[in-house]
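# Survey of secondary and tertiary structure
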Amino acid sequence: MSLTVKDLRVEIRAGGRTLTPVEGVDLVVGRDQCLALLGESGCGKSMTALALMRLLPEGGRVAAGRVELSREGAGVEDLLAQPESAMGQVRGGQLAMIFQEPQTSLNPVMTVAEQIGETLAAHRALTGVAARSEAGRLLEAVGLGTDKLDAYPFQLSGGQRQRALIAMMLAGEPEVLIADEPTTALDVTIQAQILKLLQDLRRERGMGLLLITHDLDVARDMTRGPDDRVAVMYAGQIVESAPGQALQAEPRHPYTQKLFAVLPRLERRGQRLDSLPGRVPVLDGSSAGCRFAERCPQVFERCRQEVPGFHGVAEGHWVRCHLADPEAASPADSQGRGVESAGENPPRPPFGKGGSEAGTPILAIDDLSVHFPIRKGLLKRTVGQVKAVDGVSLALAAGETLALVGESGCGKTTLARAVLRLIEPTGGEVRLAGEPLGGLRGEALRRKRAQMQIVFQDPFSSLNPRMGVGDILAEGMAALLPDLDRAGRARRTAELLDQVGLPADAAGRYPHEFSGGQRQRIAIARALAVRPKLLILDEPTSALDVSVQAQILNLLSDLRREHGLAYLFITHNLAVVSYLADRVAVMRGGKIVESGPVEQVLTRPRTDYTKLLLDSVPGQVLPDK
Amino acid sequence: MSMKPVLLWSDMLILVLLALVVAGVWLLRHNETFRAPLRQVLARPLGAATALVLGVYVAIGLLDSVHYVERLPDGPQGEAQYSGEVLSALDALLTPLRERVEKTYSAPFATHLYAKETLTGPDGRQVRDYPRLVHGGAHLADTDQEFWGDVLLRGGLGALGGVIAWLLCFPLWKNRPAGRPFALTLLVTLVVLGLLVALAPHYHVLGTDKVGQDVLYLSLKSVRTGLLIGTLTTLVVLPLAIGLGIAAGYFGGRVDDLIQYLYTTLNSIPGVLLIAAAVLVVQVQIETHPDLFATAAARTDVRLLALCAILGLTGWTGLARLLRAEALKLRELEFVQAARAFGVTRARILARHLLPNVMHLVLISLVIDFSGLVLAEAVLSYVGVGVDPAMISFGNMINGARLELAREPVVWWQLAAAFLFMFVLVLAANLFADTVRDALDPRGSRP
Amino acid sequence: MLNYLLRRVLYAIPILLGVNLLTFALFFMVNTPDDMARIHLGAKHVTPEAITRWKTEHGYDKPLFLNDQAPGPGAVTDTLFVEKSLKLFALDFGPADDGRDIAREIKTRMWPSLAIALPTFLVGLLAYLSFALLLVFFRGTALDTAGVVLCVALMSVSGLFYVIGGQYLMGKLWHWFPISGYQPGLEAWKFLLMPVLVSLVAGIGDSARFYRALFVEEIGKDYVRTARAKGLSELRVLFRHVLGNAMIPILTGVVVVIPRLFLGSLIIESFFGIPGLGSYTIDAIQAQDFAIVRSMVFLGSVLYIVGLVLTDLSYTLVDPRVRLE
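The residue numbering used here restarts from 1 in each chain and proceeds along that chain's sequence as written. Whichever chain is written first becomes A and whichever ligand is written first becomes 1, with later ones labelled in order. For this predicted model, a pLDDT threshold of at least 70 governs which residues receive local features, and a threshold of 80 or more governs which side-chain atom pairs are given and counted, while totals over whole chains, interfaces and linings are taken from all residues. Just so you know, side-chain values use all the structure's heavy atoms and leave hydrogens and water out.

## Some remarks on the overall build of chain A
Strands are runs of DSSP state E lasting at least 2 residues, helices are runs of H or I lasting at least 4, and numbering of each runs from the N terminus. Check the secondary structure of chain A and you find 19 helices and 22 strands. We take the radius of gyration over the C-alpha atoms and set the globule estimate at 2.2 Å times the residue count to the 0.38 power. Against the globule reference of 25 Å for 625 residues, chain A gives a C-alpha radius of gyration of 26 Å, in line with a compact fold. Considering only C-alpha atoms, chain A reaches an extent of 80 × 70 × 50 Å along its principal axes. Expressed as a percentage of contacts within chain A between residues at least 6 apart in sequence, the contacts between residues at least 24 apart total 67%. In what follows, residue pairs with any heavy atoms lying within 4.5 Å of each other are defined as contacts.

Structure below.
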């Protein structure tokens with residue numbers, strides 16, 4: 001049994017143009033094999049998967065290629081040549097697919113049993129009692145009890161929904177399971193469980209697994225087997241394909257090397273992260289030569305003229321790069337070792353000055369609580385409280401970076417908003433540079449606001465789409481720095497754009513003209529505009545690709561050094577914590593369960609919850625693993 | 001002949017509306033977030049074409065909104081006297097149509113009246129026959145012989161004029177991305193215009209009504225009424241819907257409760273009933289205070305405005321509910337939170353962050369409501385709770401024509417004319433609304 | 001559940017009070033009882049005595065909101081507002097200004113109204129949904145485009161023309177049905193079928209397009225992709241998944257009007273001369289009969305609120321996420 005994709009090409013018509021998000025992709029997924037398709041957003045990996053299922057969105061079509069499914073005794077069939085009516089047996093029966101968003105991928109008005117039953121009826125002709133007992137068995141196989149049979153999706157948590165979706169897709173006993181970012185929307189502890197489940201299931205059933213992911217560490221964990229492979233995609237093409245172990249040990253394509261080099265790690269503390277400037281090219285077929293040429297650190301003449309072919313560099317290890325062409329002399333002697341950029345940076349002390357500094361902390365949170373009332377009954381009386389933040393105490397010294405770590409729903413974002421007085425706290429006290437914020441009103445509160453600002457997670461919803469960038473930056477100055485006149489604000493705007501690495505003409509443009517990373521720079525500039533001492537960073541990099549994340553992390557460390565900023569860094573990403581933070585506080589259920597210097601918490605955790613968090617982190621983020 | 005301009009209340013409001021539109025466009029002329037969707041609307045095949053059709057209607061409506069009274073010979077003491085009949089620029093333009101009144105019905109292009117009369121022949125004998133029209137085809141000596149030749153010649157010349165004008169407009173559509181539908185619409189518009197200019201002065205191209213008025217004239221005059229209902233209503237709807245909708249969504253709590261109570265209460269009254277009741281109340285008011293109105297035009301005008309106001313007062317709830325939901329969503333968005341973290345005042349947040357981000361919904365809902373209002377006018381006028389029966393409007397035209405379907409042969413042209421003029425207007429408005437929604441709605445509803 | 005119903009009833013009281021205040025204000029602030037008397041008496045008979053007599057006979061001889069003549073709480077209760085409006089809460093409609101009992105009129109006239117409104121509603125819902133599903137099934141094809149164009153064209157025609165055209169074609173030209181009028185009993189269908197047909201045709205453009213848009217939006221969602229990935233047929237995806245979820249927004253607009261079907265259609269009934277509640281109301285408006293208008297407005301509001309409750313209840317049937325506490 002194997003799934004073979006040959007020379008796949010997908011075209012999408014949008015707004016009068018034809019784009020080619022996938023071009024010349026070859027893949028093979030065999031029995032009990034995991035193929036991880038790795039790439040950043042927009043590289044065409046999801047399109048590839050949808051093309052295999054023939055579920056491309058409207059306007060999309062497979063322009064060329066073959067998708068062959070070979071089975072013992074059944075010969076080889078080309079899925080793309082099948083009539084649509086025959087695809088019903090293929091989808092779910094031979095090829096199944098699970099999706100990224102467990103929130104929206106299940107039908108909200110049907111029970112789990114009904115939704116599993118549909119697959120059983122379609123592929124195994126099981127109905128009635130037989131279907132129900134089989135559905136129960138499947139639920140148990142994915143780690144859900146039979147009590148969830150009659151549950152509706154809204155009654156399940158995110159991880160449970162993903163399990164239910166997997167059960168639904170296993171019901172047709174498919175030979176290959178395509179998992180499109182199956183854990184991206186999940187918390188790290190749940191992610192570890194789902195990944196383990198997928199591994200177990202494929203072993204038990206001898207399924208092929210095509211795992212689509214942007215996360216190198218997930219790809220690494222899932223391809224530890226000898227047959228498992230990783231294919232790296234960039235701009236619609238596969239640029240490197242290798243056994244999982246080999247790729248980790250020796251990535252050969254400059255893009256893959258960059259992907260590894262930009263990751264934040266504990267051992268890279270104090271160093272500048274490598275970065276990958278530029279953007280993925282528009283895939284309208286206009287590019288000649290290598291698609292990575294514009295961003296490649298080792299680019300040379302030939303790259304811009306000639307499309308590179310695949311070259312074998314080791315047993316089963318292929319690279320689409322001229323540098324790997326054995327027949328052509330490479331211009332650089334060293335085979336691309338230059339990407340390791342640590343040498344370019346003067347070594348800096350691994351830890352910030354924070355923590356040790358005496359005196360008043362810039363931010364002191366004392367027994368802070370935010371409770372939301374639960375109202376019920378005829379008169380909407382308060383019958384209980386949701387304790388989103390429940391007696392949290394933290395202190396942050398000037399210039400220090402404190403990471404607040406926790407899973408979704410632990411109250412970390414509510415805490416941030418309460419500190420900023422965007423939500424009124426129910427109890428406790430927040431002191432900014434020694435002065436209590438509680439009870440401040442009007443002008444007094446406004447003056448305090450200049451000292452602390454916030455950067456949000458979503459670079460798209462955090463900038464008003466109807467305001468020019470100049471106006472966005474000036475808004476805070478107009479409100480909080482009344483001494484600045486119009487010209488002064490314009491001067492400061494130019495200064496800020498320069499500081500965050502944006503061109504000066506950005507001020508006259510609108511947010512939609514910028515990429516996610518650039519928008520995040522604008523958001524940081526906006527926060528800096530009022531010269532705060534403290535920045536609250538609420539997951540500032542989790543919506544970004546790793547290469548962009550590296551740029552933002554570099555910017556944040558530069559700003560910290562230059563302006564002596566203190567950061568309250570809210571995140572779920574322990575790799576970022578290990579790279580950037582001085583101290584860590586772990587939050588769960590509205591309470592701080594553990595806090596301490598970053599090295600101590602990450603290497604010698606004291607509570608079980610922190611241990612669980614650390615164990616769940618995929619890959620080799622933390623040195624002990 | 002001298003004249004005195006007259007500014008009716010509705011004219012004033014049209015000016016206000018025009019000023020608002022012009023000011024808005026002027027203020028936003030450099031704003032890319034405003035210009036891009038506009039360009040997109042005009043770049044779509046149907047956008048430019050329907051905008052052209054609507055433009056023709058608006059031009060007719062505007063021409064019909066420049067009012068004046070004619071000066072009569074001075075009175076005995078030498079004081080100025082003016083006619084009680086308020087005319088408009090459109091009336092002046094259409095003087096031939098307006099003044100050539102026949103006795104009663106006549107079919108389109110007819111040269112003879114619809115009904116037989118007892119005529120006295122040249123020999124003095126009395127015969128029952130269809131009399132010649134006073135104006136329609138009056139220039140023909142022998143109607144049977146010359147009619148087709150004359151119509152074809154004049155029509156051909158008119159159409160030729162239209163095509164020439166179209167060719168002169170070539171630069172307008174040559175480089176447009178969505179040029180073909182626009183060019184075609186322009187061609188049809190100009191040819192129709194040419195035909196009308198050539199033929200209408202000599203024939204009643206759409207026939208005449210019961211009292212012999214030219215139906216084409218009545219149809220053109222109805223346009224203003226329809227447009228006014230469709231647009232002036234928004235002057236009432238906008239402040240209510242935007243103000244209350246956003247306030248309910250952004251402030252929440254008590255404010256929200258109160259506003260929701262308001263619109264649930266209004267919604268709970270059957271719409272037509274509320275409108276009908278309100279219109280009748282206004283009607284009684286107008287009837288009991290005839291002294292307030294100098295001319296008949298002023299009276300019908302006030303009644304029209306009252307109808308707009310009532311439609312607006314009962315029609316704001318839908319948009320308000322939509323804006324409330326949107327404001328509820330927006331206030332949690334991070335850019336609003338960021339503004340709050342800067343201590344930006346509430347008024348400023350509402351004006352800079354909320355309002356610009358709901359304007360696309362407002363625009364979409366306005367263009368969608370427009371066609372509904374034009375249709376509503378006809379129905380309400382028909383039932384007797386619309387505009388003044390003396391005002392020329394589509395509803396009154398249909399009302400006057402409906403019973404004549406029972407006649408033999410059928411008097412169909414009045415209905416047909418009203419149908420045609422309304423259908424083209426509403427269809428263009430509906431298609432334009434679709435284009436606007438596609439261009440402005442970020443969800444991008446596919447066709 | 002009980003809590004929910006109780007709360008809805010409590011919430012209905014201020015709304016109905018507001019409705020009463022509004023209609024009351026609309027009629028009496030602008031149109032005093034004296035004006036009404038003048039209109040009812042006709043120009044020839046207007047004398048101050050006649051006005052006073054008319055007002056006494058019809059119960060309009062009290063102050064509007066505040067009676068400073070009456071002792072104690074009577075200052076508030078012995079007024080026109082309480083007299084004329086608050087009795088409605090007990091569904092005591094009283095006599096019309098022409099003396100006839102409104103409740104009896106309502107009882108006899110609601111049947112013809114229902115006879116038109118109910119079939120129109122049911123057949124319409126079924127026909128429009130089927131048509132929309134058909135278009136969605138063939139979406140992207142020429143059939144879909146033609147259907148949408150047809151819908152836009154149909155909704156651009158004024159409803160008046162459907163009525164007039166229907167009467168002309170089916171009544172005058174083809175002699176299928178009487179042009180207008182009504183006759184109770186078994187013969188009634190002759191008079192009812194044409195208004196129903198006309199209403200159905202008049203509504204198709206708007207509704208089918210709206211439902212199609214709902215379906216198309218639903219089809220773009222992730223769970224539909226999941227259903228397809230399971231290997232379900234397009235028909236099953238449409239009927240089981242898309243329709244099931246689209247029922248939620250469809251019900252919002254549909255259920256709320258069901259109770260109001262009793263009131264009939266003002267426009268259709270007056271066009272076709274059906275002696276239902278719709279034409280009753282129109283006649284009352286034209287005759288300035290405040291008692292009837294007030295009763296119908298009140299009844300309309302009550303039925304609307306009932307419709308809102310029914311909407312909420314219907315959600316619990318199609319959406320497992322909704323629970324009425």
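This is not the end of the story, as more comes after the structure.
## Remarks on the domain arrangement of chain C
Looking at chain C, the domain boundaries give domain 1 (2-90) and domain 2 (102-287). Placing a centre on the C-alpha atoms of domain 1 of chain C and another on those of domain 2 of chain C gives a separation of 37 Å. Each domain's extent is set by a domain assignment, obtained either automatically or from a database.

## Some points on the sheet that holds strand 15 (residues 401-405) of chain A
Residue and element names in this part refer to chain A. We treat two strands as partners when DSSP finds at least two bridges between them. Strand order in this open sheet of six strands is 18-19-20-15-21-22, and the pairing throughout is mixed. If you trace the sheet from one side to the other, it starts and ends with strand 18 (452-455) and strand 22 (591-597), each paired once. Each neighbouring strand pair of the sheet contributes to a mean axis angle of 15°, computed without reference to strand direction. What counts as an axis is a line fitted to C-alpha atoms, over the stretch in contact for a helix, and the angles between N-to-C directions run from 0 to 180 degrees. Helix 15 (residues 516-528) rests against strand 18 and strand 19 (534-538) of the sheet, and its axis sits at about 170° to strand 18. On the sheet, helix 19 (residues 608-616) packs against strand 15, strand 21 (583-588) and strand 22 and is oriented at approximately 105° with respect to strand 21.

## Side note on the interface of chain C and chain B
Counting from both sides, the interface comprises 44 residues of chain C and, opposite them, 46 residues of chain B. In short, buried area is how much 1.4 Å probe accessible area vanishes from two parts on joining, totalled over both. Summed over both sides, the interface of chain C with chain B buries roughly 3900 Å², with 72% coming from carbon and sulfur. Of all residues in chain C, the largest losses of buried area upon contact with chain B belong to C:Ser156, C:Phe161 and C:Ile164, amounting jointly to 14% of the total for that side. Any Lys or Arg side-chain nitrogen located within 4 Å of an Asp or Glu carboxyl oxygen qualifies as a salt bridge. Our count for the chain C to chain B interface comes out at one salt bridge. One salt bridge connects C:Arg209 with B:Asp434, and the closest N-O pair in it is separated by 2.7 Å. The term polar contact refers here to a pair of N or O atoms within 3.5 Å; inside protein, the definition further demands a hydrogen-donor-capable atom paired with an acceptor-capable atom, and it admits residues adjacent in sequence only when both atoms are side-chain atoms. Counting every contact that joins chain C to chain B gives five residue pairs in polar contact (both at pLDDT 80 or more). Every element with two or more residues in the side of chain C that touches chain B is listed here: helix 1 (2-28), helix 7 (142-155), helix 8 (159-173), helix 9 (188-219), helix 12 (266-272), helix 13 (277-286) and helix 14 (290-318) of chain C. No other element matches the eight residues that helix 1 of chain C contributes to the side of chain C that touches chain B. Residue classes follow a fixed rule: Ala, Val, Leu, Ile, Met, Phe, Trp, Tyr, Cys and Pro count as nonpolar, while Asp, Glu, Lys and Arg count as charged, and any other residue, Gly among them, counts as polar. Residue composition of the side of chain C that touches chain B, grouped by class: 28 nonpolar, 11 polar and five charged.

## A look at helix 14 (residues 486-499) of chain A
All names here are of chain A. Expected helix span is given by 1.5 Å per residue-to-residue step, counting one fewer step than there are residues. Taking 1.5 Å as the rise per residue, helix 14 with 14 residues should run 20 Å; its terminal C-alpha atoms sit 20 Å apart, in good agreement. What helix 14 keeps buried is the set Gly488, Arg492, Thr493, Leu496 and Leu497. Lining the buried residues of helix 14 we find helix 13 (469-480) and helix 15. Just beyond helix 14, the residue with positive phi is Gly501, at close to 75°. A 1.4 Å probe rolled over the protein chains alone gives each residue an accessible area, and that area as a share of the maximum for its type sets the label: buried under 20%, exposed over 50%, partly exposed in between.

## Comments concerning the packing of aromatic side chains
By convention here, two paired aromatic rings are described through the distance between centres and the angle between planes. Residues and elements named next belong to chain C. Aromatic pairs are defined between Phe, Tyr and Trp rings, using the six-membered ring for Trp, whenever the two ring centres lie within 6.5 Å; interplanar angles under 30 degrees are classed as stacked, those over 60 as edge-to-face, and all others as tilted. As enumerated under the stated definition, the model contains 19 aromatic pairs over all chains in all. Between Phe210 and Tyr211, the aromatic rings sit 5.8 Å apart at their centres with planes inclined by 50°, giving tilted as the arrangement. When its relative accessible area of 48% is taken as the criterion, Phe210 is described as partly exposed. A relative accessible area of 7% places Tyr211 in the buried class.

## Quick notes on the packing of helix 13 of chain C against helix 14 of chain C
All names here are of chain C. At their nearest, the axes of helix 13 and helix 14 sit 8 Å apart, and the two run at 135° to each other. It follows that helix 13 is oblique to helix 14 by the angle criterion. Classified by chirality, the crossing of helix 14 by helix 13 is left-handed. Across the interface between the two elements, Leu277, Tyr280, Thr281, Ala284 and Ile285 of helix 13 pack against Ile292, Val293 and Met296 of helix 14. When its residues are assigned to classes, the contact of helix 13 with helix 14 shows seven nonpolar, one polar and no charged. Just so you know how the angles are binned, under 35 degrees is roughly parallel, over 145 roughly antiparallel, 65 to 115 roughly perpendicular, and the rest oblique. We call a crossing left-handed when the near helix sits turned anticlockwise from the far one by less than a right angle, and right-handed when that turn is clockwise.

## A few points about the side chain of A:Arg519
Residue and element names in this part refer to chain A. Counting through the fold element by element, Arg519 comes out in helix 15. Of the side chains with opposite charge, Asp458 lies nearest to the buried Arg519, which makes no salt bridge, at 6.6 Å. Residues in contact with Arg519, not counting those within four places in the same chain, are Pro459, Phe460, Leu463, Pro511, His512 and Phe514. Note that His is not counted, nor are the chain ends; the positive residues are Lys and Arg, and the negative ones are Asp and Glu.

## What about the nonpolar core?
In these notes, a set of buried Ala, Val, Leu, Ile, Met, Phe, Trp, Tyr and Cys residues joined through side-chain atoms within 4.5 Å is what counts as a nonpolar core. By size, the foremost hydrophobic cluster in this structure holds 194 residues, and its most contacted members are B:Leu354, C:Tyr211 and C:Phe215. Ranked by residue count, the leading element in this core is helix 15 (residues 346-383) of chain B, at 18 residues. Residues within four places of B:Leu354 in sequence aside, it is in contact with B:Ile246, B:Tyr250, B:Ala327, B:Leu330, B:Val336 and B:Ile349. Within the second largest apolar cluster, 75 residues are counted, among which are A:Ala51, A:Met169, A:Ala179 and A:Leu210.

## Things to note about the environment of C:Ile268
Relative to the elements of secondary structure, C:Ile268 occurs in helix 12. Between the C-alpha atoms of C:Ile268 and C:Gly278, which are 10 residues apart in sequence, the distance is 8.1 Å.

## A closer look at a nonpolar patch on the surface
Residues and elements named next belong to chain B. Taken together, the side chains of Leu7, Trp9, Met12, Leu15, Leu18, Val58 and Leu62 make up a nonpolar region of the molecular surface, amounting to roughly 630 Å² of accessible area. Of all the elements, helix 1 (residues 9-27) adds the most residues to the nonpolar patch, at four residues. Looking at the element boundaries, Trp9 is found in helix 1. By relative accessible area, Trp9 is classed as exposed at 56%. Surface patches are defined over residues having more than 30% relative accessible area and no salt bridge, joining like charges when they lie within 9 Å and nonpolar side chains (Val, Leu, Ile, Met, Phe, Trp, Tyr) when within 5 Å. Surface accessibility follows the Shrake-Rupley procedure with a 1.4 Å probe radius. Residue values consider only the protein chains on display as shielding.

## Description of the state of the cysteines
Residue and element names in this part refer to chain A. For the purposes of this analysis, a disulfide is any pair of cysteine sulfur atoms at a distance within 2.5 Å. In this structure the tally under the stated criterion is zero disulfides over all chains. Cysteine Cys296 shares no disulfide, and the gap to the nearest cysteine sulfur, in Cys303, comes to 6.1 Å. Owing to a relative accessible area of 14%, Cys296 belongs among the buried residues under this scheme.

## Re unusual backbone geometry
Unlike most non-glycine residues, A:Arg54 shows phi in positive territory, near 55°. A positive phi angle, near 60°, is found at B:Phe109, a position not held by glycine. If you trace the backbone, B:Phe109 turns up in the loop between helix 5 (95-99) and strand 4 (117-120).

## Quick notes on the interface of chain A and chain C
Taken together, the 35 residues of chain A in the interface contact 25 residues of chain C. Summing the contributions of chain A and of chain C, the shared interface buries around 2400 Å²; its carbon and sulfur component is 58%. Put simply, chain A and chain C have four salt bridges between them. Note that C:Lys230 and A:Glu118 form a salt bridge whose closest N and O atoms lie 3.1 Å from each other. At the boundary of chain A and chain C, one finds 13 residue pairs in polar contact (both at pLDDT 80 or more).

## As for the pairing of strand 15 of chain A
Residues and elements named next belong to chain A. Among the five residues of strand 15, five are classified as buried, and the element is accordingly described as predominantly covered. Neither face of strand 15 is exposed, since Thr401, Ala403 and Val405 on one face and Leu402 and Leu404 on the opposite face are all buried. As paired elements, strand 15 and strand 20 (residues 566-571) share five bridges and run parallel to each other. Paired with Ala403 across the strands is Phe569, a residue of strand 20. Pairing of strand 15 with strand 21, which is carried by four bridges, proceeds in the parallel orientation. Bridge pairing in strand 21 places Val405 opposite Val586.

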